[in-house]
Amino acid sequence: MGNGILIGVGTETAPGERRVAITPETCRKLTAAGARVLLQRGLGKAAYMPDAAYADAGAQLVDDVASLSDCDVLLCVQPPPVNVIDRLKPGATIVGILQPDADPRRADAMRARQILGFPLERLPRTTRAQAMDVLSSQAGMAGYKAVLMAAQLAPRFFPMLTTAAGTIRPSKVLVVGAGVAGLQAIATARRLGAQVEGFDVRPETREQIESLGGKFVDLGVSASGEGGYARALNDEERAEQQRRLGEHVKTVDVIVCTAAVPGRPAPRIITAGMVAGMRPGSVIVDLAAETGGNCESTRPGETIEVGDVIVAGPLNLSSQGALHASEMYARNVFNFVALFLKDGAIAFDWNDELLAKTAWPSARSADAPATAASTA
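What you are looking at is a predicted structure, and each value in this text was computed from that prediction instead of being measured.

1. Digging into the overall build of the protein
Item 1. The secondary structure content of the protein amounts to eleven helices and 17 strands.
Item 2. A compact globule built from 376 residues should have a C-alpha radius of gyration of about 21 Å, and the protein, at 22 Å, falls within 12% of that.
Item 3. When the backbone C-alpha atoms are referred to their principal axes, the protein occupies close to 70 × 50 × 35 Å.
Item 4. Out of the 376 residues belonging to the protein, those deemed buried represent 52%.
Item 5. Taking the contacts inside the protein whose residues are at least 6 apart along the sequence as the reference set, 63% of them involve residues at least 24 apart.

Structure below.
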């Protein structure tokens, strides 16, 4: 397989996770860049990517995740289990959605093995980083699936229909949050024929919502923050938002909640009182369920009825579109790895902000692993 660095990818172990961090396409690109690729057999099965396709792309297949212990770089979607981290050789690199500070045991294991992590959720939001932005690529799939889920749960048609039995009015869908997931949700609901509205506290999103055929709901609150995200509302702003929104949701049939800021609890936007005021048969799909939910009535991982309103709190919706979600994610990962993969070897350039600001521990921190001290 040559003398290049060894890149390993194991089967994802998180419950319900179907996505993969490498596809035959990106495997071929990594081997062309001089790397050796070692994959756990069957890792792409849930995403409909057979072992034969990986073998044809130049990968070596192994049966046991323990065989990945000698890899220089480990690629993943969700964080690897602590027992996998414990087997990695000292100074190895892990690239994925790692959330190292969310689990002290995981963080301790990474420090103990002097692992250099690149949690891609920390990637700076710059134009150059867009091709590596896993949060955006996966949010697009989640927004799409959320609307399909809402359409399935709703006891109504989404489009207007004129039939011999009379005219059926279109469903009114309100999308809360106009990030990547929200905009994809707006576009999908429009394609299904619904009457669509979008709400976001960032006024600059009005043009984006309207460009997709949605109506911008102005609640009189403006709260643009850093990095393209919304800032936290003060008490007065929150009260005004809830007062106006409470009246507005009485007129909608479906709410899709997508407001979230990485690393923070989801903002609570839809109160229990608002849910109680909605029409019987209304549906709420809360994409922010994983971080607490935008809706007070959401139960993460469950679909429940609150009075006569259906409230769904799906987890990891991106995984339901595993094939295309994996294709996008794997390209994001490859583009990031290409920053430090030079002629089959690792060469970190800590003057590159995409590497320096994503690295965990910080590339310049006192407890950074030895690998993180090297320069190109």
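2. Things to note about the nonpolar core
Item 1. Among the nonpolar cores identified, the biggest contains 45 residues, and Tyr 54, Leu 75, Val 95, Phe 118 and Phe 336 are the most heavily contacted of them.
Item 2. At the level of secondary structure, the elements contributing two or more residues to this core comprise strand S1 (6-9), helix H1 (24-32), strand S2 (36-40), strand S4 (73-75), strand S6 (116-119), helix H10 (322-337) and helix H11 (353-356).
Item 3. Top contributing element to this core by residue count: H10, with six residues.
Item 4. Apart from the residues within four sequence positions on either side, Tyr 54 is in contact with Val 20, Ile 22, Thr 23, Pro 24, Cys 27, Leu 39, Leu 43, Gly 44, Met 49, Ala 59 and Leu 61.
Item 5. Counting 27 residues, the second-largest nonpolar core is a separate cluster that includes Ala 150, Phe 158, Ile 186 and Ile 310.

3. Description of the pattern of salt bridges
Item 1. This structure, assessed with the given rule, holds 17 salt bridges.
Item 2. When the shortest N-O distance is used, the salt bridge between Arg 169 and Asp 253 registers 3.2 Å. Of this pair, Arg 169 sits in the loop between strand S8 (166-168) and strand S9 (172-176) while Asp 253 sits in the loop between helix H8 (235-248) and strand S12 (254-257); the two residues are 84 residues apart in sequence, bridging distant segments of the chain.
Item 3. Note that Arg 206 and Glu 210 form a salt bridge whose closest N and O atoms lie 3.4 Å from each other. With Arg 206 and Glu 210 both in helix H7 (residues 205-211) and four residues apart, the pair spans about one turn of that helix.
Item 4. According to the relative accessible area criterion, Arg 206 is partly exposed, its value standing at 32%.
Item 5. Since its relative accessible area comes to 41%, Glu 210 is described here as partly exposed.
Item 6. When salt bridges with common partners are traced through the structure, they connect Arg 156, Arg 169, Asp 253 and Arg 279 into a single cluster.

4. Let's talk about the sheet that holds strand S15 (residues 309-312)
Item 1. Across the sheet, seven strands lie side by side as S11-S10-S9-S12-S13-S15-S14; this open sheet has mixed pairing. Two strands bound the open sheet, and with one partner strand each, they are strand S11 (215-216) and strand S14 (303-306).
Item 2. As paired strands, S9 and S12 are joined by four bridges and run parallel to one another. Counted as the bridge partner of Leu 174 is Ile 255 from S12.
Item 3. Sheet strands in contact with helix H5 (residues 134-153) are S12, strand S13 (283-286), S14 and S15, and its direction is about 155° off that of S13.

5. Comments concerning H1
Item 1. Buried within H1 we find Pro 24, Thr 26, Cys 27 and Leu 30. Axial view of H1: buried residues confined to an arc of 160°, hence all on one face.
Item 2. Next to the buried residues of H1 lie S1, S2, helix H2 (51-56), S4, H10 and strand S16 (341-342).

6. Details of H10
Item 1. The end-to-end C-alpha separation of H10 is 21 Å, in line with the 22 Å expected for 16 residues at 1.5 Å each.
Item 2. Of all the residues in H10, the buried ones are Ala 322, Ala 325, Ser 326, Tyr 329, Ala 330, Asn 332, Val 333, Phe 334, Phe 336 and Val 337.

7. Some details on the state of the cysteines
Item 1. Using the criterion set out here, one finds zero disulfides in the structure.
Item 2. The closest cysteine sulfur to the non-disulfide-bonded Cys 257 is located on Cys 295, 6.0 Å from its own sulfur.
Item 3. Of the residues examined, Cys 257 reaches a relative accessible area of 0% and is grouped as buried.

8. Things to note about the packing of aromatic side chains
What characterises a pair of aromatic rings is the spacing of the ring centres plus the angle enclosed by the ring planes.
Item 1. Scanning all chains against the criterion turns up seven aromatic pairs.
Item 2. Aromatic pair Phe 118 and Phe 348: ring centres 5.7 Å apart, planes at 40°, arrangement tilted. Here Phe 118, found in strand S6, pairs with Phe 348, found in the loop between strand S17 (345-346) and H11; they are 230 residues apart in sequence, far enough to count as distant.
Item 3. Look at Phe 118 and you get buried, because its relative accessible area is 0%.
Item 4. Relative to Trp 350, the ring of Phe 348 has its centre 5.2 Å away and its plane inclined at 25°; by these criteria the two rings are stacked.
Item 5. For Phe 348, a relative accessible area of 1% gives the class buried.
Item 6. Clustering of aromatic rings is evident, with ring pairs tying together Phe 118, Phe 336, Phe 340, Phe 348 and Trp 350.

9. Some details on the confidence of the model for the protein
Item 1. The predicted model of the protein has a mean per-residue pLDDT of 91, with 91% of residues at 70 or higher.
Item 2. In the predicted structure, residues 364-368 sits below a pLDDT of 50 and forms eight contacts with residues beyond four places in sequence or in another chain.
Item 3. Every residue in residues 370-376 is under pLDDT 50, and counting partners more than four places away or in other chains gives 16 contacts.

Reading guide: rules and limits
- Residues numbered from 1 in each chain as written.
- Predicted model: local features only at pLDDT ≥ 70, side-chain atom pairs only at ≥ 80, totals over all residues.
- Heavy atoms only, no water.
- Helix = DSSP H or I, 4+ residues; strand = E, 2+ residues; numbered from the N terminus.
- Rg over C-alpha atoms; globule rule 2.2 N^0.38 Å.
- Buried < 20%, exposed > 50% of the residue type's maximum accessible area, 1.4 Å probe, protein only.
- Contact = heavy atoms within 4.5 Å.
- Core = buried A, V, L, I, M, F, W, Y, C linked by side-chain atoms within 4.5 Å.
- Salt bridge = Lys/Arg side-chain N within 4 Å of Asp/Glu carboxyl O.
- Pairing = 2+ DSSP bridges.
- Axes fitted to C-alpha atoms, helices over the stretch in contact; angles between N-to-C directions.
- Arc of directions from axis to C-beta.
- Expected span 1.5 Å × (residues − 1).
- Disulfide = S-S within 2.5 Å.
- Phe/Tyr/Trp six-rings, centres within 6.5 Å; stacked < 30°, edge-to-face > 60°.
- pLDDT = per-residue confidence, 0-100.

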